[in-house]
Structures are given as structure tokens and as C-alpha cells.
Amino acid sequence: AQDGHRFSLAYGASVEEATRRAREGLQQSLGKIVAARMALCREVPALEDPDRHRLLQKAVSIMKVNTLSPEGAITRHWSTPDRVPHKHLWLWDSVFHSLAMDRLRPALAWEFLAAMLDVQRPDGMNTVAGQGSPITQPPILAWGVWENYRALGEAEHLREALPRLEAYLRWDVENRDTNGNGLLEWHIEANERSRSGESGLDNSPRFDAATLLDAVDFSVFAARDMGYVARIARELGETERANEWEERSRALSARVHEYLWHEEDGFYYDRGMDGEWSRVRAVTGLLPLLLDDIPAERVDVLVDTLLDPAHFGTAFPVPSVAASHPEFSTDMWRGATWLNLNYLVFLGLQAQGRDAEASRLAEASLAFVDK
């Protein structure tokens, strides 16, 4: 009304007419702002199933809300798991978010990854930005960078990322292999509610003894990311670097199969520094399905375990700990299902040519998330 009054004095229009014009101008301005803010949501491809389309829109909406502008030491757009309580820049969450954003805006997905690489410590460690944290997170950055390259095709991004990816993997090997046997161990904390926040599976029964373990998941992630670093180097024509990382990837993968496979139980377990088996049947024991050199007969055994209702074939697969474990519960890492791990198991099944099982897992996961 005040704008309308000033307008009427300036242009001789009535207050009512001036107010109407001011209101229309405001609505047009707001309309442009809303359109810009909603653009990402309007880029979501239409799905035939209206329920699935609504679910997809919801997922994109959440991802949009958790995408933040540059601030402080972070000079690019970045992604956070949620604004409360996590609110920081987390390593492997950023990679998962980038994999999704690759499907809509790969240039923005690259910023998610580059923001994480930008805050890398001088010694190569990647940690949780904004917390001064002493812990790292699962090494999957090279995977994210490679997938973004497939979506965006910017070789310059590979050049920017390669030395940082190499430095990070070297840090892991130099700082997370206490016994020097080639396998990696998660950092263990004093907090009994989160013995290994570094692993992402904070209070899993795997860590109840609060001792270091040669970890299946850490070693698989590292072997896989070494392989992606090799792909990146080869794509850039860096043959010697590619050969080095391919060899390191093969050696670590072979060590996983040699030392962490329990023949009698037919499962991959963590092992203590004294060689003692953990015997905690966790979803992480299925992750060697992601490795190219896993023996075919083990694939069959793992898939049978995955489908067995006594272990991982629960109503909402895949539980973080097998239903057969005495500590199985609805607590987050002691039985409940987390979609990040489901996605990795899904990719492992696909990698081993088990497409039918992969499709069933994907369908069950989406159905329960929708529900």
C-alpha cells in the first residue's frame, strides 16, 4: 500500500490502481524466484507409475534442500546428509549425492565432489569438513569422480582430481594398516554408541569389542577405488600411474579373498590383529561381490545367504546384521536396513551377472522406502 501511495503521487494514478500494479509486479518477481528455485524439480523425468514418480520427486526435493551454496572455506556448491543434525560436508555422503545428481545436473554433481577434494588436508587425509575430525570415511571418491566423468565428460576434472585421489588412498594405506598385512582397519573410538563413526556403521556389533579389525568393507572400498584411480590415470594417458594402481588394486582384492573368507561359514568376516575371526555376519560381508576377482563359487554361496530368511532374506532386505545374530534388533546398525548398503549390494549382484536378484532387491528397496 505504501508503494502504491508513492506511485500515485509520482505518476498521478489512483492509490488503488497503483497498489494493483505494485501487487502484480511483486507477483511477477516472486513467480520468477519460485520458477528458478523449482527448476531442478521440473527436470525430474516422468515415470509411468504415479506413486514412483511422487517418490522420485520427493527424493529430488530432499537432495535439493540439502544442496548448499559456497560458504566459508567451501568455495563451491556442496551437499550435506541433512541440515540438522549432521550439517557438515561428509565424504561418502557427498559421493552418493553426486551419483544421484549426475542424472540431473552433472556439473553440480562435480561441485559436490570438488568441494570435498578442496578441503583435503595437506597429508592427503579426507575428513568431515567443518568438524576438525580425526576420522576419515569410506574411500569411494574415485568412484564418484569416474561416474561424474561418464556423465559430464570433462577430462579437466579428472586431471584436477587425480593427484588428490592418489594422496588420499596413500594416506589410508599408510595410516590404517597397523599390522602391515595389507588390509585396512577402521579407527575405533571410546564412544560405545559409536565405536567406529569412521566406517559409517557406527555401533555395529562388529565393533563391540572396541579393538582394531582387518575390515572387509574398508579393504573392499579401497581396492575398488584404486581400480577407479587406475581408470582415471589411463584415461588421461598416464600409463605408469595406471599400471601402479591396477597392481595395488589387484593385490588388495586378492588379500581380501585370501584372508577374510571363512570357508566353513561361507562368508567374509573381519579379523582381529591376532588373526581371530569376528564371526559377526554383517551386510559388509556381502561387499566382496563388488570385486572382479571373487571366485564364482563364493558368489553362489553369498547369494544363497543373502536370500536366506535366517540371515539376510528379511521382510525389508538387506539388514545391517543378519537375523541370525544374537544382537539383531531394530537399532540402526544392529539389524535395520540402510539404502546406501542396499545400493552397493545391488551393484555387486549386477557385477556378478545376478541381474534377477539385483532387480528384486531394487524393487523391494523402493517399495519399502515408498511405504
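Residues numbered from 1 in each chain as written. Predicted model: local features only at pLDDT ≥ 70, side-chain atom pairs only at ≥ 80, totals over all residues. Heavy atoms only, no water.

Across its full length, the protein holds 12 helices and 6 strands. For the protein, the spread of C-alpha atoms along the principal axes amounts to about 90 × 45 × 40 Å. Within the protein, buried positions represent 51% of all 371 residues. For the protein, restricting intrachain contacts to residue pairs at least 6 apart in sequence, the fraction spanning at least 24 positions comes to 59%. Accessible surface for the protein amounts to roughly 17800 Å². Of this, 51% is attributable to carbon and sulfur atoms. Between the mean site of the 40 positive side-chain charges and the mean site of the 57 negative ones, the protein shows a separation of 8 Å. (Helix = DSSP H or I, 4+ residues; strand = E, 2+ residues; numbered from the N terminus. Buried < 20%, exposed > 50% of the residue type's maximum accessible area, 1.4 Å probe, protein only. Contact = heavy atoms within 4.5 Å. Areas by Shrake-Rupley, 256 points an atom, 1.4 Å probe, with all protein chains shown as cover. Lys, Arg positive; Asp, Glu negative; His and termini not counted. Charge placed at Lys NZ, Arg CZ, Asp CG, Glu CD.)

Axis separation between helix H5 (residues 106-118) and helix H6 (residues 141-152) bottoms out at 10 Å; the angle between their running directions is 155°. Considered as vectors, H5 and H6 are oriented roughly antiparallel to each other. In this structure, H5 meets H6 at a crossing whose hand is left-handed. In this structure, H5 uses Pro106, Ala107, Ala109, Trp110, Leu113, Met116 and Leu117 to contact H6, whose residues at the interface are Leu141, Gly144, Val145, Asn148, Ala151 and Leu152. Of the residues that constitute the contact of H5 with H6, the class distribution is 11 nonpolar, 2 polar and no charged. (Axes fitted to C-alpha atoms, helices over the stretch in contact; angles between N-to-C directions. Parallel < 35°, antiparallel > 145°, perpendicular 65-115°, else oblique. Left-handed = near helix turned anticlockwise from the far one by under 90°. Nonpolar A, V, L, I, M, F, W, Y, C, P; charged D, E, K, R; others polar.)

Moving on: the packing of aromatic side chains. Taken as a whole, this structure holds 14 aromatic pairs when the rule is applied. Taken together, a centroid distance of 5.5 Å and an interplanar angle of 45° make the contact between Trp146 and Tyr149 tilted. With Trp146 and Tyr149 both in helix H6 and 3 residues apart, the pair spans about one turn of that helix. Ring plane angle 70° and centroid distance 6.3 Å describe the contact between Tyr269 and Trp277, whose orientation is recorded as edge-to-face. The partly exposed category is assigned to Trp277, whose relative accessible area is 23%. Its end group placed over the ring of Tyr259, Arg271 keeps NZ or CZ at 4.0 Å from the ring centre. (Phe/Tyr/Trp six-rings, centres within 6.5 Å; stacked < 30°, edge-to-face > 60°. Lys NZ or Arg CZ within 6 Å of the ring centre and 35° of its normal.)

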